[in-house]
Amino acid sequence: MGDPVRVVLAEDHALLRAGLTQLLEAKGFEVLAAVDNLPELQCALSDPEADAAVVDVRLPPTFTDEGLRAAIQARAARPGFPVLVLSQYVEQLYARELLASGEGAVGYLLKDRVSDVAEFVDSLRRVAAGATVLDPTVV
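The following refers to the structure shown. (Residues numbered from 1 in each chain as written. Predicted model: local features only at pLDDT ≥ 70, side-chain atom pairs only at ≥ 80, totals over all residues. Heavy atoms only, no water.)

## Let's talk about the nonpolar core
In this structure, Leu41, Leu45 and Tyr108 are the most contacted members of the largest nonpolar core, which totals 27 residues. Per-element accounting of this core gives the leading share, 5 residues, to helix α3 (residues 66-77). For Leu41, the contacting residues outside a window of four places in its chain are Val8, Ala10, Val35, Val55, Leu59, Gly67 and Ala70. Within the second largest apolar cluster, 15 residues are counted, among which are Leu20, Val54, Leu109 and Val127. (Core = buried A, V, L, I, M, F, W, Y, C linked by side-chain atoms within 4.5 Å. Buried < 20%, exposed > 50% of the residue type's maximum accessible area, 1.4 Å probe, protein only. Helix = DSSP H or I, 4+ residues; strand = E, 2+ residues; numbered from the N terminus. Contact = heavy atoms within 4.5 Å.)

Shown next, in the form of structure tokens:
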């Protein structure tokens with residue numbers, strides 16, 4: 001099976017963050033960091049051990065687009081770095097920016113539509129392997 005995919009997780013809701021951490025670890029991922037704010041996310045994304053990131057769009061301090069901006073910065077620093085964005089809303093401008101490089105290894109899923117654990121885990125595995133996974137609403 002090989003080494004586990006090492007993931008950085010950013011989610012400001014404590015219960016969701018804890019649940020995602022447990023879920024990912026149960027499915028064979030290694031969660032390097034589970035953070036709830038921009039400074040900690042930026043620090044975690046700079047870890048060269050990280051293989052991929054699952055990032056909520058809106059994080060403290062402003063709850064606007066911190067997570068997405070950090071993901072875009074991480075991909076600028078490490079081209080092709082796999083990022084799966086989770087959002088409550090379609091942020092079309094930012095989705096376009098995230099996809100603009102055309103390098104793949106990106107995903108954009110709406111939280112409300114992730115009703116199937118296996119589908120979520122499969123989406124993350126596909127993004128980590130270099131694929132693009134988009135919620136139909138984003139498309």
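Next, the rest of the story.
## A short note on the packing of helix α2 (residues 38-45) against α3
Describing two packed helices takes the angle between their axes plus the distance from one axis to the other. Running from N to C, α2 and α3 point in directions that differ by 20°, and their axes come no closer than 10 Å. On the basis of their axis angle, the class for α2 and α3 is roughly parallel. Relative to α3, the crossing made by α2 is right-handed. Judged by residue contacts, Leu38, Leu41, Gln42 and Leu45 of α2 engage Glu66, Gly67, Ala70, Ala71, Gln73 and Ala74 from α3. Classifying every residue of the contact of α2 with α3 gives 6 nonpolar, 3 polar and 1 charged. (Axes fitted to C-alpha atoms, helices over the stretch in contact; angles between N-to-C directions. Parallel < 35°, antiparallel > 145°, perpendicular 65-115°, else oblique. Left-handed = near helix turned anticlockwise from the far one by under 90°. Nonpolar A, V, L, I, M, F, W, Y, C, P; charged D, E, K, R; others polar.)

## Details of the pattern of salt bridges
It is possible for side chains of opposite charge to pair when their charged atoms get near one another. Following the criterion strictly, the structure yields 6 salt bridges and no others. Measuring nitrogen to oxygen at the nearest pair gives 3.3 Å for the salt bridge that ties Arg6 to Glu49. Pair noted here: Arg6 is in strand β1 (residues 6-10) and Glu49 is in the loop between α2 and β3 (52-56), with a separation of 43 residues, a long-range link. Judged by relative accessible area, Arg6 falls into the partly exposed class, the value being 25%. For Arg126, the salt bridge is made with Asp122, and the minimal N-O distance between the two is 3.0 Å. Of this pair, Arg126 and Asp122 are both found in helix α5 (residues 117-128), 4 residues apart, which corresponds to roughly one turn of the helix. According to the relative accessible area criterion, Arg126 is partly exposed, its value standing at 37%. The network of salt bridges with common partners includes Arg6, Glu49 and Asp51. (Salt bridge = Lys/Arg side-chain N within 4 Å of Asp/Glu carboxyl O.)

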